[in-house]
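Below, each chain spelled out in residue letters.
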Amino acid sequence: MEGIKVGDIVGRISYGCDIFFKVVELTVSKDGRKNARLKGLDKRLCATAPVEDLRKFEPAEVAAFWHSFMTRNHEHMKRIFKRRELDRQRLVRGNDEVSRLGTFDVPGSVLHIDGDGDYLDLCLTTYRQLGIPAFGYHIDEEKQPGVITELLQKHRPDILVLTGHDGIEKNTSNFADLNNYHHSRFFVEAVKKARLYEKSRDDLVIFAGACQSHYEAILEAGANFASSPHRVLIHTFDPVFVVEKIAYTSIYDYISLKEIIAGTITGFPGIGGIETRGKYRLGLPKSPY
């Protein structure tokens, strides 16, 4: 395994090095083949590849990748804050008393359980920047069903996110079989456990899934939103941007499915869902303290 180490940022030569991966484990198979377990830097994808199929990216290439990643995220957030300001202007326009007293936001709260600690840290930072109260836990996908009830009872969130890594088994052609996915069955089981805790899809809004997840099975289990309708890769921040729209849409309004999904980075091929009410409440008056 000379030349490739755990922690290296690599691309798969056979795929044209189209995705940036981090090497998380190196193994040797029974036939002596050297393999690497990989996780995407900006895609919620896990994969295994032979070491000879990997190219290590140069530091300048990795720096350029992260610059593009953060720039894209920043532009997305600018659009979110602009939308919120327009919503607030519509609310107070022509209402002098509301303008005089001032208002404050009570967005929906989030419990985010992620199979990847790096992704979780990025998401929690983004929640803070977006003004969304969030509790986060790094828990491996296969362990999520076993902890979901306890964490829901502890935090009583408005919104639950269950994500991490996923993917379709290599060479499979049966996309309907849950067993042909790396982690979809764990997301399905965790969603079912969450629905035993809270049946109403309006009282507890659930997003679940990762790259190429079994979209239909996750929705059938009780999620409001899930990935991935077309079995495509989804972006690290797609769950966050779904959550933001839920957290800042009024409890009196149904969320526009077109708007919430178009507001993600991956869009309709990667994210889908069902009609759901928002979790935002407006407060009045704003305290001077």
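Quantities reported herein were computed from a predicted structural model and do not represent experimental measurements.

Bringing the packing of aromatic side chains into the picture now. With the rule as written, the count across this model stands at 8 aromatic pairs. Taken together, the ring pairs connect Phe 20, Phe 57, Phe 65, Trp 66, Phe 69, Phe 237 and Phe 241 into an aromatic cluster. The aromatic ring of Tyr 15 is capped on one face by Arg 12, whose charged end is 3.9 Å from the ring centroid. Cation over ring: Arg 84 sits above Tyr 248, and NZ or CZ is 3.5 Å from the ring centre.

Another aspect to go through is the pairing of strand 3 (residues 34-40). Across the 7 residues that make up strand 3, a large majority, 5, are buried. When strand 2 (residues 21-28) meets strand 3, the two strands line up antiparallel, connected through 7 bridges. Each residue of the ladder has a partner; that of Glu 25, found in strand 3, is Arg 37. Between strand 2 and strand 3, which pair antiparallel one after the other, the connecting turn spans 5 residues, and Gly 32 there sits at a positive phi close to 85°. Relative to strand 4 (residues 46-50), strand 3 runs antiparallel, the two sharing 5 bridges. From the neighbouring strand, Arg 37 faces strand 4, where its bridge partner is Thr 48.

Quick look at the nonpolar core now. In this structure, Leu 38, Tyr 127, Ile 132 and Ile 246 are the most contacted members of the largest nonpolar core, which totals 43 residues. At 6 residues, the largest contribution of residues to this core is made by helix 7 (residues 238-247). In contact with Leu 38, not counting residues within four places along its chain, are Val 10, Arg 12, Phe 21, Lys 22, Val 23, Val 24, Leu 45, Cys 46, Ala 47, Ala 49 and Leu 54. Of all hydrophobic cores here, the second largest spans 24 residues; its members include Leu 152, Leu 162, Val 191 and Ile 206.

Quick look at the packing of helix 3 (residues 117-130) against helix 7 now. Orientation of helix 3 relative to helix 7, taken along the N-to-C sense of each, is 30°, at an axis distance of 10 Å. Comparing their axes, helix 7 and helix 3 come out roughly parallel. Relative to helix 7, helix 3 is oriented so that their crossing is right-handed. Taking contact as the criterion, the partners of Cys 123, Thr 126, Tyr 127 and Leu 130 in helix 3 are, on helix 7, Val 240, Val 243 and Glu 244. When grouped by side-chain class, the residues that make up the contact of helix 3 with helix 7 number 5 nonpolar, 1 polar and 1 charged.

About the criteria used
Residues numbered from 1 in each chain as written. Predicted model: local features only at pLDDT ≥ 70, side-chain atom pairs only at ≥ 80, totals over all residues. Heavy atoms only, no water. Phe/Tyr/Trp six-rings, centres within 6.5 Å; stacked < 30°, edge-to-face > 60°. Lys NZ or Arg CZ within 6 Å of the ring centre and 35° of its normal. Buried < 20%, exposed > 50% of the residue type's maximum accessible area, 1.4 Å probe, protein only. Helix = DSSP H or I, 4+ residues; strand = E, 2+ residues; numbered from the N terminus. Pairing = 2+ DSSP bridges. Core = buried A, V, L, I, M, F, W, Y, C linked by side-chain atoms within 4.5 Å. Contact = heavy atoms within 4.5 Å. Axes fitted to C-alpha atoms, helices over the stretch in contact; angles between N-to-C directions. Parallel < 35°, antiparallel > 145°, perpendicular 65-115°, else oblique. Left-handed = near helix turned anticlockwise from the far one by under 90°. Nonpolar A, V, L, I, M, F, W, Y, C, P; charged D, E, K, R; others polar.

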